[in-house]
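Each chain, written out:
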Amino acid sequence: MSKFFKHINLPLFAIITLIVMLVGLLFSRAVLSITHIIWLFFALAFLKKNQIQFGKELFIWSIAPLFLFWLGALQSLNDLKSYDYLLSLSTYSVAAITIIAIADKSVCNKLMIAWLVICLASVCYPLFHFLMHIQETIDAFGRGQSMVTPMDTDHVRYSLFICSALPIIWKMSQWSKLRKIMLSCLVGVIVLFLSVRTGWVALLILTTVIVFTQTYKNVQSFLIQVAVIFAILGFAYFLFPTIQRKIDYSIYDWKNSKSTTYQSNYSDATRFAINKVSYNIIDKNPNVHVGWVNIPKAIEAEFSIQYSNVKPTYSWPFNQFLFWYIGAGWWGCMAFVVWLLFPVAIGIKQRNTMLVAWQLVVIASCFVESTLNFQYGIFLHAWVTAFLWKKDAA
């Protein structure tokens, strides 16, 4: 296997594999999984001992989830369902080892450019659907639904995929500032158009970090850029009816989220109810650690008590920290938080603002979503973090 990889064109093979992987991300989980196997063989063929030493912090961080997993798996060792989560968590190791093995910064640059191209090109899918069904889509937003997107219509994770373009754009130190600003504006307009609130929050975090790091020494420049951003937001609100409908529905939805009855027809009300039930499980037993596969049973049992034998629409918390607390206990949740904050500490130490910004995006999403429960969220966190962990590309 090693001899096979030694005779191929490394940059070309890596770019093609990345493109196929991203196509799998958008349209086929099977292809996505297969490409990770290819990356693993690829990385093992090129990896050298000195490279592991050079990238040891990333390597240690990437294998940590494989150990943390067992804090919520030991409760049901014979249940194969929990091992699906282990397979998803292995994405961190594959992404990290691959990036460490690709020692050539120019190859990493090309991979990041390929990521940007696929990311921006993927917008054609929801845009075409919108243009073919304009009024239908606008009406759907008024009912709390979202735009049709790739990634099995997972609009939340898809919006994070689009937002991942921003830190990668600003990681490309060989690009001019004008090019970065223009591409960033394009990404911002796309995220606003998609009208996914998690995407909006991610965009706000990334934009704040980028603007501050670029202008903190020049107050006038900072104020000008902030004014331009607010102008774009105002223009986008009146230009895209999807934004108007999303905001109007969110206000209406939030008013119904405080109801004492289970409002399954409302997005925020559903999240509020399930997270409230999850908190009650912890409040009743602070030492709870039921294991990953038993989380749905625990939520359904408590839900029937809180809402008079009503079955919940979803069987997991819309909060990553509640998920880890119920599944792995308070000690497992604390270990998870330390692991999650580790790249932030590395980013601050290296003055790697884009690494810090991306971690803040993921952490923020973990408060309102179980972002790192499933394949798509883990994939985005793992690969973008691995790309950003290295020093600025030259």
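Structure: see above.
Residues numbered from 1 in each chain as written. Predicted model: local features only at pLDDT ≥ 70, side-chain atom pairs only at ≥ 80, totals over all residues. Heavy atoms only, no water.

S.K.: Would you mind showing me how to read the overall build of the protein chain here?
M.R.: When its secondary structure is counted, the protein chain shows 20 helices and zero strands. Its C-alpha radius of gyration of 22 Å places the protein chain within 12% of the 21 Å reference for a compact globule of 394 residues. Here the C-alpha coordinates of the protein chain stretch approximately 65 × 55 × 45 Å along the principal axes. A sequence separation of at least 24 residues applies to 73% of the contacts in the protein chain between residues at least 6 apart. Here the protein chain has roughly 18,700 Å² of accessible surface; of this, 68% comes from carbon and sulfur atoms. Taken as two groups, the 30 positive and 16 negative side-chain charges of the protein chain have centres that lie 12 Å from each other. (Helix = DSSP H or I, 4+ residues; strand = E, 2+ residues; numbered from the N terminus. Rg over C-alpha atoms; globule rule 2.2 N^0.38 Å. Contact = heavy atoms within 4.5 Å. Areas by Shrake-Rupley, 256 points an atom, 1.4 Å probe, with all protein chains shown as cover. Lys, Arg positive; Asp, Glu negative; His and termini not counted. Charge placed at Lys NZ, Arg CZ, Asp CG, Glu CD.)

S.K.: Mind showing me how you'd approach the pattern of salt bridges here?
M.R.: Side chains that differ in charge, positive against negative, can pair when their charged atoms come close. Counted under the stated rule, the structure contains seven salt bridges. With a shortest N-O distance of 3.8 Å, Glu 57 and Lys 349 are connected by a salt bridge. Of the two residues, Glu 57 is situated in helix H5 (residues 56-68) and Lys 349 in helix H18 (residues 320-350); the sequence distance between them amounts to 292 residues. Since its relative accessible area comes to 28%, Glu 57 is described here as partly exposed. Using a relative accessible area of 64% as the deciding quantity, one classes Lys 349 as exposed. Among the ionic pairs, Asp 139 bridges to Arg 245, the shortest N-O distance being 3.8 Å. (Salt bridge = Lys/Arg side-chain N within 4 Å of Asp/Glu carboxyl O. Buried < 20%, exposed > 50% of the residue type's maximum accessible area, 1.4 Å probe, protein only.)

S.K.: Which parts of the structure should I look at to understand the packing of helix H7 (residues 105-121) against helix H20 (residues 375-389)?
M.R.: To describe two helices that pack against each other, one gives the angle between their axes and the distance between the axes. Interhelical geometry of H7 versus H20 gives an angle of 140° and a closest axis separation of 11 Å. When the axes of H7 and H20 are compared, the pair comes out oblique. Crossing handedness for the pair H7 and H20: left-handed. Here Leu 111, Met 112 and Trp 115 of H7 lie close against H20, whose contacting residues are Phe 379, Leu 380, Trp 383, Val 384 and Phe 387. Across the contact of H7 with H20, the residue classes break down as eight nonpolar, no polar and no charged. (Axes fitted to C-alpha atoms, helices over the stretch in contact; angles between N-to-C directions. Parallel < 35°, antiparallel > 145°, perpendicular 65-115°, else oblique. Left-handed = near helix turned anticlockwise from the far one by under 90°. Nonpolar A, V, L, I, M, F, W, Y, C, P; charged D, E, K, R; others polar.)

S.K.: What should I look at first to understand the nonpolar core in this one?
M.R.: Here is a general trend for soluble globular proteins: nonpolar side chains tend to be buried in one another's company. Counting 122 residues, the largest nonpolar core has Trp 115 and Phe 161 as its most contacted members. With 13 residues, H18 is the single largest residue contributor to this core. Among residues more than four places away in sequence, those in contact with Phe 161 are Leu 22, Leu 25, Leu 26, Trp 115, Cys 119, Ser 122, Met 151 and Leu 380. (Core = buried A, V, L, I, M, F, W, Y, C linked by side-chain atoms within 4.5 Å.)

S.K.: Explanation requested: the packing of helix H13 (residues 197-215) against helix H14 (residues 219-239) in the structure shown.
M.R.: Where H13 contacts H14, the axes come no closer than 9 Å and their chain directions differ by 155°. Relative to H14, H13 is oriented roughly antiparallel. When the axes of H13 and H14 are compared, the crossing they make is right-handed. Residue-level contacts link Thr 207, Val 211 and Thr 215 of H13 to Val 219, Ser 221, Phe 222, Gln 225 and Ile 229 of H14. Among the residues making up the contact of H13 with H14, the classes are represented as four nonpolar, four polar and no charged.

S.K.: I tried to follow the side chain of Ser 76 on my own but got confused; where do I start?
M.R.: For Ser 76, the position within the fold is in the loop between H5 and helix H6 (82-101). For Ser 76, the side chain forms a polar contact with the side chain of Asn 294, separated by 3.2 Å. Beyond its immediate chain neighbours, meaning those up to four positions away, Ser 76 contacts Ser 82, Val 293 and Asn 294. (Polar contact = N/O pair within 3.5 Å; in protein donor to acceptor, adjacent residues only side chain to side chain.)

S.K.: Looking at this structure, I do not really get the packing of aromatic side chains. What am I missing?
M.R.: Remark: the centre distance and the inter-plane angle together describe each pair of aromatic rings, the angle taken between the planes. The tally for this structure, following the rule as stated, stands at 36 aromatic pairs. A ring pair is formed by Tyr 85 and Trp 292, whose centres lie 5.4 Å apart and whose planes are at 80°; its orientation type is edge-to-face. Placement of Tyr 85 in helix H6 and of Trp 292 in the loop between helix H16 (267-284) and helix H17 (295-306) is noted, with a sequence separation of 207 residues between them. One Lys or Arg, Arg 29, reaches over the ring of Tyr 376 and ends 4.2 Å from the middle of that ring. (Phe/Tyr/Trp six-rings, centres within 6.5 Å; stacked < 30°, edge-to-face > 60°. Lys NZ or Arg CZ within 6 Å of the ring centre and 35° of its normal.)

S.K.: Help me understand helix H9 (residues 134-142) in this model?
M.R.: Along an α-helix, a turn takes 3.6 residues, which lines up residues three or four apart on a common side. Those residues of H9 lying buried are Thr 137, Ile 138, Ala 140 and Phe 141. When H9 is viewed along its axis, its buried side chains cluster within an angular range of 155° and face the same direction. (Arc of directions from axis to C-beta.)

S.K.: What's the story with the environment of Tyr 266 in this structure? I'm lost.
M.R.: As for its position among the elements, Tyr 266 is in the loop between helix H15 (241-256) and H16. According to the relative accessible area criterion, Tyr 266 is buried, its value standing at 16%.

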